[in-house]
Amino acid sequence: VDGTPRVSDAWVVDEWKTIVVASTGAGGRSIFALDVTDPSNMSKDSVMWEFSHPDMGYTMGQPALVALPNEKFGVIVSSGYHESAPAGRHVWVLDAKDGSIIRQIDLPTTGDLGSPLVADTDYNQVADRAYVADTLGNVWRIDLSDTDPSGWGIPSTLSGEPLFVAKN
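Here the structure is a predicted model, which means the values were calculated and not measured.

Draft legend 1. View of the nonpolar core. Formed by 18 residues in total, the largest nonpolar core has its most connected members in Ile19, Trp49, Val75 and Leu94. Secondary-structure elements contributing two or more residues to this core are strand S1 (6-12), strand S2 (15-23), strand S3 (31-35), strand S4 (47-51), strand S5 (64-67), strand S6 (73-78) and strand S7 (89-95). Sorting elements by how many residues they give to this core places S6 first, with three residues. If sequence neighbours within four positions are ignored, Leu94 has contacts with Trp49, Phe51, Phe73, Gly74, Val75, Val77, Gly99, Ser100, Ile101 and Ile102. Core analysis: the second largest hydrophobic core is formed by 17 residues, Leu68, Ile76, Leu144 and Trp152 among them.

Structure (structure tokens):
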């Protein structure tokens, strides 16, 4: 378990909690959350959830823990790095409360995916966009501004293409 953790406060189960989300890094293929609200009383019950998926590779990237437009807190993570080609490349938006999938966003690439970078473009403390790069030199933009998660994805203005393609 050597992934870089992210620590933040999040409103889950009708109260504020301090949560650590981290990846298993090069040691595995999952993301997990710990409740560290009371660090002096941590136990095995402090493990909130663990998420894995058949298309998840090594989770070298750092997950994002953010407020979402659907009034939930979420963990955003990519499908990571693979030894062989999986069925698809994805960005998952998980419920910070229990690790369930709020939305799976499929990216039309064969490159492995790095860490998502989440942006709040209108300064309201809620995620509006996520950006993720792949190992083919593409940068993908994902819009998250809709209050309905079914509206989250690559914007139609990009016609399913990356936002940026590196030249070498």
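Draft legend 2. Molecular detail of the sheet that holds strand S12 (residues 164-165). Across the sheet, which stays open at both edges, the four strands sit in the order S9-S10-S11-S12 with antiparallel pairing between neighbours. Single-partner strands in this sheet number two, and they are strand S9 (117-119) and S12. Where strand S10 (residues 129-133) and strand S11 (residues 138-143) come together, five bridges link them in antiparallel fashion. Looking across to S11, one finds that Arg129 is bridged to Asp143.

Draft legend 3. Spatial organisation of the pattern of salt bridges. Within the structure shown, the criterion is met by seven salt bridges. Salt-bridge contacts for Glu15 lead to Lys17; the nearest nitrogen and oxygen are separated by 3.3 Å. Residues Asp143 and Arg141 are paired through a salt bridge, measuring 2.8 Å at the closest nitrogen-oxygen approach. Note on accessibility: Asp143 and Arg141 belong to one class, buried. Among the charged side chains, a salt-bridge network with shared partners connects Glu15, Lys17 and Asp35.

Draft legend 4. Molecular detail of the packing of aromatic side chains. Per the counting criterion, the structure on display carries three aromatic pairs. When the centroid spacing of 5.6 Å and the interplanar angle of 65 degrees are considered together, the rings of Trp11 and Trp16 count as edge-to-face. Since its relative accessible area comes to 41%, Trp11 is described here as partly exposed. Between the aromatic rings of Trp16 and Phe73, the centroid separation amounts to 5.7 Å while the plane-to-plane angle is 75 degrees, which identifies the pairing as edge-to-face. Note that Trp16 is positioned in strand S2 and Phe73 in strand S6, a separation of 57 residues in sequence. For Arg29, the ring lying beneath its charged end belongs to Tyr58, and the centroid distance is 4.1 Å.

Draft legend 5. The side chain of Arg141, seen in detail. In this fold, Arg141 is placed in strand S11. On the accessibility criterion, Arg141 (17% relative accessible area) is buried. A polar contact of 2.8 Å, which involves the side chain of Arg141, links it to the side chain of Asp143. Aside from chain neighbours lying at most four places away, what touches Arg141 is Arg129, Ala130, Tyr131, Gly153, Ile154, Pro155, Leu158 and Leu163.

Draft legend 6. Spatial organisation of unusual backbone geometry. A positive phi angle is found at Val13, which is not glycine, with a value near 50 degrees. Along the chain, Val13 falls in the loop between S1 and S2. With a phi angle near 50 degrees, Ser159 is a residue other than glycine that sits in the positive phi range. The class for Ser159 is exposed, based on a relative accessible area of 60%.

Draft legend 7. Representation of the sheet that holds S7. Taken together, the four strands give an open sheet; going across it, the order is S5-S6-S7-S8, and neighbouring strands pair in antiparallel fashion. Every other strand in the sheet has two partners, leaving S5 and strand S8 (101-107) as the edge strands with one partner each. Along the sheet, successive strands turn relative to each other by an average axial angle of 20 degrees, direction set aside. Both S5 and S6 contribute to a ladder of four bridges, which runs antiparallel. Within S6, the residue paired with Ala67 across the bridge is Phe73.

About the cut-offs
- Residues numbered from 1 in each chain as written.
- Predicted model: local features only at pLDDT ≥ 70, side-chain atom pairs only at ≥ 80, totals over all residues.
- Heavy atoms only, no water.
- Core = buried A, V, L, I, M, F, W, Y, C linked by side-chain atoms within 4.5 Å.
- Buried < 20%, exposed > 50% of the residue type's maximum accessible area, 1.4 Å probe, protein only.
- Helix = DSSP H or I, 4+ residues; strand = E, 2+ residues; numbered from the N terminus.
- Contact = heavy atoms within 4.5 Å.
- Pairing = 2+ DSSP bridges.
- Salt bridge = Lys/Arg side-chain N within 4 Å of Asp/Glu carboxyl O.
- Phe/Tyr/Trp six-rings, centres within 6.5 Å; stacked < 30°, edge-to-face > 60°.
- Lys NZ or Arg CZ within 6 Å of the ring centre and 35° of its normal.
- Polar contact = N/O pair within 3.5 Å; in protein donor to acceptor, adjacent residues only side chain to side chain.
- Axes fitted to C-alpha atoms, helices over the stretch in contact; angles between N-to-C directions.

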